[in-house]
Amino acid sequence: MKTVTDIENMQSYAEKTRREGKVIALVPTMGFLHEGHLSLIRMADKAADLVVTSIYVNPTQFGPSEDVDQYPRDIDHDTTLAQQAGTDVLFVPTDKAMYPQGYQTFVTAEKLTRSLCGAFRPTHFRGVTTIVTKLFNIVKPHIAIFGQKDAQQAIVIRQMTRDLNFDVEIKVAPIIRHEDGLAMSSRNKYLTPQQRSEAPVLYQSLCEAQKMIEGGERNPNVVKKYTQKMIDTIASSKIDYIEIVDAVTLEAVREIKGNILIALAVYIGKARLIDNILIKV
Ligand code: PAF
């Protein structure tokens, strides 16, 4: 595996690889890799000749009072894990290279970014779509892989890819969970031992919601209330949202039917955790 920090080097390596007729897969990450990221890298390794994993804590997707400075980083450990999982090129650009002085261009998806996380983090998806556009232009992938844990992000990226005619196939990999059900996340590191022991309630509440729906409940408010009650048992929790939405449009549903996404974002202490479950009714 080689590590590339320079944008021009990455671009010329990608161009050379494409000229050789090889397939490039990109796994964009913000580092502090865990089994969730590694599953994306392994998927990329199966699908492509060259796997590029990017590690970049993108400042433009964090709001002014968010955790960009505290966001966990461990480049040495990430380098080992990325290589073991099948990365060929680790792309680790600097802030100065990605957003040089005078930078002023942003990519915005509209409707899809207004609900769920977008309602609480109004500039977040603008940062995500901008950096992913830049990564597409630098790494020139045929395939890009994202995780289902960020369900809204995956849908927004698919929309952006269609709208801007990027010749990139977007693949979405399933959520990887700890044994107790908690979705893997770099932000789990912020949890105290007590909070970590309570955090699986998030997934348990989604499973209960699923059971209620499988048992015939069709009123989203009834399901949401029950889920909320379960999460409220965690002393340090603060719910940003629990929403039951159409899995394609991300619009709230009045009646539970069709392809449904139940998504939540909850602070446990200072960790803002997201999780979701897809249900077909
Ligand atoms: O999902 C993430 O880690 C980030 O939002 C991404 C896609 C790497 C863009 O910075």
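The coordinates are above.
Residue numbering note: each chain is counted from 1, following its sequence as written. Local features in a predicted model are, by the rule used here, given only for residues with pLDDT of at least 70; side-chain atom pairs are given and counted only at 80 or more, and totals for whole chains, interfaces and linings are based on all residues. Based on all heavy atoms of the structure, the side-chain values leave hydrogens and waters out of the count.

Draft legend 1. Focus on the packing of helix 9 (residues 201-214) against helix 10 (residues 220-231). Axis geometry follows a simple rule: fit a line to the C-alpha atoms, using only the stretch in contact for helices, then measure angles between N-to-C directions, giving values from 0 to 180 degrees. The way it works is that DSSP assigns letters per residue, a run of H or I at least four long becomes a helix, a run of E at least two long becomes a strand, and they are numbered from the N terminus. The geometry of helix 9 relative to helix 10 is characterised by a closest axis approach of 9 Å and an angle of 155° between their N-to-C directions. For the element pair helix 9 / helix 10, the angle class is roughly antiparallel. As helix 9 runs across helix 10, the sense of the crossing is right-handed. Together, Val-201, Leu-202, Gln-204, Ser-205, Glu-208, Ala-209, Met-212 and Ile-213 of helix 9 and Val-222, Val-223, Tyr-226, Thr-227, Met-230 and Ile-231 of helix 10 make up the contact between the two elements. Any angle between 65 and 115 degrees counts as roughly perpendicular, while under 35 counts as roughly parallel, over 145 as roughly antiparallel, and the rest as oblique. Left-handed describes a crossing whose near helix is turned anticlockwise from the far helix through less than a right angle; right-handed describes the clockwise counterpart. Any two residues whose heavy atoms approach within 4.5 Å are treated as being in contact.

Draft legend 2. Summary view of the sheet that holds strand 7 (residues 237-246). Taken in spatial order, the three strands of this open sheet run 7-8-9, and their pairing is antiparallel. Sheet topology places strand 7 and strand 9 (271-280) at the edges, where each strand pairs with a single neighbour. Shown here is a sheet whose adjacent strand axes are inclined to one another by a mean of 10°, direction ignored. DSSP calls a pair of strands paired once it identifies at least 2 bridges connecting them.

Draft legend 3. Inspection of the site of the ligand at higher detail. For the ligand, the full set of nearby residues is Pro-28, Thr-29, Met-30, Asn-58, Gln-61, Val-128, Ile-131, Phe-146 and Gln-153. Counted as a polar contact is a pair of N or O atoms within 3.5 Å, where, for protein atoms, one must be capable of donating a hydrogen and the other of accepting one, and residues adjacent in sequence contribute only when both atoms are in side chains. The separation between an oxygen atom of the ligand and a polar side-chain atom of Gln-61 is 2.6 Å. Between the ligand and Gln-153, the relevant distance is 2.7 Å, taken from an oxygen atom to a side-chain nitrogen or oxygen of the residue. Its free accessible area being 290 Å², the ligand has 89% of it covered by the protein chains. Those elements that provide at least two residues to the shell around the ligand are strand 2 (24-29) and helix 6 (124-139). Proximity criterion: a residue is near a molecule or strand once any of its heavy atoms comes within 4 Å of it. A 1.4 Å probe and the Shrake-Rupley method give the accessible areas. Residues count as covered only by the protein chains that appear here.

Draft legend 4. Molecular detail of the pairing of strand 5 (residues 143-147). Exposure classes here rest on a 1.4 Å probe applied to the protein chains alone. A residue is buried below 20% of its type maximum, exposed above 50%, and partly exposed in between. Along strand 5, four of the five residues are buried, which leaves the element largely enclosed by surrounding structure. Pairing between strand 2 and strand 5: two bridges, direction parallel. Within strand 5, the residue paired with Ala-25 across the bridge is Ile-143. Inspection of the sheet shows strand 5 paired to strand 6 (residues 169-173) by five bridges, in the parallel sense. Each bridged residue has a counterpart across the sheet, and for Phe-146 the counterpart in strand 6 is Val-172. Regarding the hand of the β-α-β motif, the stretch spanning strand 5, helix 7 (residues 151-163) and strand 6 is right-handed. Crossovers are described as right-handed under a simple rule: with the strands pointing away from the observer, the path leading from the first strand over the helix to the second runs clockwise.

Keep in mind these numbers describe shape, not what the thing actually does.
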